[in-house]
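# Breakdown of the fold
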Amino acid sequence: MKHLILSALLALGLVSCSKDEKPSNDQDNVTVDYHQTAKTQFVQSGDTKYAYRVLGDKEGTPLVMVSPLGGTMDDWDPALTNGLAQKYKVIIFDNQGVASSTGKTPSTIADMAKGAVTFIKALGYTKVNLMGFSMGAFITQQIVLTEPALVNKIVLTGVGPKGSEGLSKLPDILAGGAGLNPLESFLYFGFTTSTASRDAGKLSYERTLKRTVNRDSTLSNESSVAQLTAVLAWAQPYPNALKELEAVTQPTLILQGEKDRPVPVVNAINISQHIPNARLVVYPDAAHAALFQLPDEFTKEIADFLK
């Protein structure tokens, strides 16, 4: 069973792998390429050594980005991270046991949230902005519910509450992409079938190959299985999920692709109707990886929101 789960993740490109392909011409017109040059740093807390990078040189409340299922620091699209780093200090990191960080990857979202909070506090921050994508958005919700004083503002994308509608179908979606090459897997899982969406996905994929020196480590088999276990547990019915989110007081920006397959858009709509200070933006002809398809639009929305 473990082998089958890992194979499915690898087939869909959800487990970060060493990307040795030669990148094509840079499509990113950002002035400073923080993503490619940022040094990997480490901070120790207890038995865990967390790997992280700081993008940009801005002061003020940092934006901590929480990765999706199988994601590492090098799986963020540089068009997005560089764009945000022009205006804000951006911190990307590997949670416990993921990629270059040590420790054991938890198999629950609640424990992953504890790891992220430990990392943030280890850096000395008492207040941060959080941006979570997919599994990272699940973790972000958990953090704001359990450590509200730590969070200033929230950005969520590819998001659903506990018991998200349609998320339990994830194994079938994973199986549907079995056998595809890495690029086609990336497009299958994160983009629509339109030419415009697929072309944007191809450019995003190329941008993730830009960093060729000191790339992040890959996920272990154990970490990959633990993450998928956590996501599937999050998908289980939980009637109180939306009621719990009514306690969130932080300003919240929700950005969602209208054709998100693993986490259907109805979930983002439901969250936006229960977090009192939430705003929802839905992008047509965009899917789970809308943030990589439309990095300029996402950068503007997020930058304006964080002002």
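Below is a summary of the structure that appears in this document. All values derive from a computational prediction rather than experimental measurement.

## Quick word on the overall build of the protein
Counting its regular elements, the protein contains 13 helices and 8 strands. For the protein, buried positions account for 56% of its 307 residues. Summarising the internal contacts of the protein: among those between residues at least 6 apart in sequence, 76% fall at separations of at least 24. Accessible surface, the protein: about 12,600 Å² in total, of which carbon and sulfur atoms supply 52%.

## Notes on the packing of helix α7 (residues 182–190) against helix α8 (residues 195–207)
A pair of packed helices can be characterised by two numbers: the angle between their axes and the separation between those axes. Two numbers describe how α7 lies on α8: the axes approach to 10 Å, and their chain directions differ by 125°. Taken together, the axes of α7 and α8 lie oblique to each other. Considering only the axes of α7 and α8, their crossing is right-handed. Along the contact surface, α7 presents Pro182, Leu183, Glu184, Phe186 and Leu187, while α8 presents Arg198, Gly201, Lys202, Ser204 and Tyr205.

## Considerations on unusual backbone geometry
Located in the positive-phi region is Asn214, a residue other than glycine, with phi close to 55°. Classification of Asn214 as exposed rests on a relative accessible area of 58%. Phi is positive for Asp285, close to 50°, though the residue is something other than glycine. One can find Asp285 in the loop between β8 (278–283) and α12 (290–293).

## Details of the environment of Thr48
The topology assignment puts Thr48 in strand β2 (residues 48–55). For Thr48 and Thr102, which are 54 residues apart along the polypeptide, the C-alpha to C-alpha distance reads 5.3 Å. Excluding anything up to four places from it in sequence, Thr48 contacts Val43, Gln96, Thr102 and Gly103.

## So, the packing of aromatic side chains
Evaluation of the coordinates by the stated rule reveals 9 aromatic pairs. Their ring planes at 15° and their centres at 5.2 Å tell us that Phe138 and Trp234 sit as a pair that is stacked. Separated by 96 residues along the polypeptide, Phe138 in helix α5 (residues 135–146) and Trp234 in helix α9 (residues 221–234) bring together distant segments of the chain. Three or more aromatic residues joined by ring pairs form one cluster here, namely Tyr50, Tyr52, Phe93 and Phe119. The residue whose ring lies beneath Lys49 is Phe42, and the NZ or CZ to ring-centre distance is 5.0 Å.

## With respect to the pairing of β2
With 6 of 8 residues buried, β2 is to be regarded as a mostly interior element. Two elements, strand β1 (residues 41–45) and β2, share 5 bridges in a ladder whose sense is antiparallel. In the strand pairing of β2, Phe42 is matched with Ala51. Between β1 and β2, which pair antiparallel and follow one another directly, the connecting turn spans 2 residues, one of which, Gly46, has a positive phi of 60°. Across 4 bridges, the pairing between β2 and strand β4 (residues 90–93) is antiparallel. Considered in β4, the bridge of Tyr52 is made with Phe93.

## Here we look at the pattern of salt bridges
Within this structure, the stated rule accounts for 10 salt bridges. For Glu147, the salt bridge goes to Lys121, with nearest N and O atoms at 3.3 Å. Here Glu147 is found in the loop between α5 and β6 (151–157), whereas its partner Lys121 is found in helix α4 (residues 109–122), with 26 residues between them in sequence. Since its relative accessible area comes to 28%, Glu147 is described here as partly exposed. On the basis of relative accessibility, which here comes to 44%, the residue Lys121 falls in the partly exposed class.

## As for the layout of surface pockets
Within this model, the second largest pocket holds a volume of roughly 160 Å³. Forming the walls of the second largest pocket are Leu187, Tyr188, Phe189, Phe191, Thr192, Thr193, Arg198, Lys259, Arg261 and Ala287. Among the residues forming the lining of the second largest pocket, the class breakdown is 5 nonpolar, 2 polar and 3 charged.

## A word on helix α13 (residues 295–306)
Here α13 is 12 residues long and its end C-alpha atoms lie 16 Å apart, about the 16 Å a rise of 1.5 Å per residue gives. Within the span of α13, buried status applies to Pro295, Phe298, Thr299, Ile302, Ala303, Phe305 and Leu306. Along the axis of α13, the buried residues cluster in a sector spanning 160°; they form a single face. Exposed residues lying more than 90 degrees from the buried face of α13 are Asp296 and Lys300.

## Considering the environment of Met131
Note on placement: Met131 falls in strand β5 (residues 128–133). The class of Met131 is buried, set by a relative accessible area of 0%. Sequence spacing of Met131 and Ile154 is 23 residues, and the spatial spacing of their C-alpha atoms is 5.9 Å. Excluding anything up to four places from it in sequence, Met131 contacts Leu63, Val64, Met65, Val66, Leu80, Leu84, Thr140, Val155, Thr157, Leu291 and Ile302.

Rules used throughout
- Residues numbered from 1 in each chain as written.
- Predicted model: local features only at pLDDT ≥ 70, side-chain atom pairs only at ≥ 80, totals over all residues.
- Heavy atoms only, no water.
- Helix = DSSP H or I, 4+ residues; strand = E, 2+ residues; numbered from the N terminus.
- Buried < 20%, exposed > 50% of the residue type's maximum accessible area, 1.4 Å probe, protein only.
- Contact = heavy atoms within 4.5 Å.
- Areas by Shrake-Rupley, 256 points an atom, 1.4 Å probe, with all protein chains shown as cover.
- Axes fitted to C-alpha atoms, helices over the stretch in contact; angles between N-to-C directions.
- Parallel < 35°, antiparallel > 145°, perpendicular 65-115°, else oblique.
- Left-handed = near helix turned anticlockwise from the far one by under 90°.
- Phe/Tyr/Trp six-rings, centres within 6.5 Å; stacked < 30°, edge-to-face > 60°.
- Lys NZ or Arg CZ within 6 Å of the ring centre and 35° of its normal.
- Pairing = 2+ DSSP bridges.
- Salt bridge = Lys/Arg side-chain N within 4 Å of Asp/Glu carboxyl O.
- 1 Å grid on protein atoms, 1.4 Å probe; cavity = no way out; pocket = protein on both sides within 12 Å on 5 of 7 lines; lining within 4 Å.
- Points joined across faces, edges and corners; volume = space filled by probe spheres on them.
- Nonpolar A, V, L, I, M, F, W, Y, C, P; charged D, E, K, R; others polar.
- Expected span 1.5 Å × (residues − 1).
- Arc of directions from axis to C-beta.

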